[in-house]
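# Remarks on the overall topology
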Amino acid sequence: GGKSTTIWVGKIAPTVEPYTMKAILETCGNLRDWKPVIDPTKGFCFATFHEPQGVVLGQKLINGLEVDGQALVVKCNSVRFVVFVLVFDAISVQSI
């Protein structure tokens with residue numbers, strides 16, 4: 001189990017190059033793995049970050065981002081849990 005570090009990104013326009021998508025993903029954190037789907041009728045990919053923060057930033061920075069005229073969609077199964085853990089970590093750091 002543990003914190004999820006994987007996001008699904010959908011609604012990727014068929015004109016978006018894989019290296020462009022990778023650069024966008026890397027603005028959210030260090031990528032451990034990513035799987036572009038080259039089929040232009042299915043514009044989506046999976047991205048796995050080294051840290052759970054990548055998932056949170058993915059939701060904040062990439063979700064709704066317009067690339068080649070199409071707004072990207074980001075989904076993650078356990079985002080609430082990740083956000084809770086990050087908030088909890090921030091509180092425990094401040095109280096030290």
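That block above? That's the structure.
Counting from 1, residues in each chain are numbered in the order their sequence is written. Two thresholds apply to this predicted model, a pLDDT of at least 70 for residue-level local features and 80 or more for giving and counting side-chain atom pairs, whereas whole-chain, interface and lining totals are computed over all residues. Side-chain metrics in this entry use all non-hydrogen atoms of the structure; hydrogen atoms and water are not considered.

### Observations concerning the nonpolar core
We apply this condition: Among the buried residues, those of types Ala, Val, Leu, Ile, Met, Phe, Trp, Tyr and Cys that are joined through side-chain atoms within 4.5 Å form a nonpolar core. A 1.4 Å probe rolled over the protein chains alone gives each residue an accessible area, and that area as a share of the maximum for its type sets the label: buried under 20%, exposed over 50%, partly exposed in between. Each helix is a run of H or I in the DSSP string that is no shorter than four residues. Each strand is a run of E no shorter than two, and both are numbered from the N terminus. For this analysis, residues touch if any pair of their heavy atoms sits within 4.5 Å.
Among the nonpolar cores identified, the biggest contains 20 residues, and Ile 7, Val 9, Met 21, Leu 25 and Ile 62 are the most heavily contacted of them. Of all the secondary-structure elements, those providing two or more residues to this core are strand 1 (6–10), helix 1 (18–26), strand 2 (31–36), strand 3 (45–49) and helix 2 (53–62). Leaving out residues up to four positions away in the same chain, Ile 7 has contacts with Leu 25, Cys 45, Phe 46, Ala 47, Phe 49, Val 55, Gly 58, Val 74, Lys 75 and Cys 76.

### Comments concerning the environment of Trp 34
Residue placement: Trp 34 occurs in strand 2. Residue class for Trp 34 comes out buried when judged on its relative accessible area of 18%. Taking the C-alpha atoms as reference points, Trp 34 and Ile 7, 27 residues apart in sequence, are found 9.5 Å from one another. For Trp 34, the residues in contact, after removing those within four places along its chain, are Pro 18, Met 21, Lys 22, Leu 25, Cys 45, Phe 46 and Ala 47.

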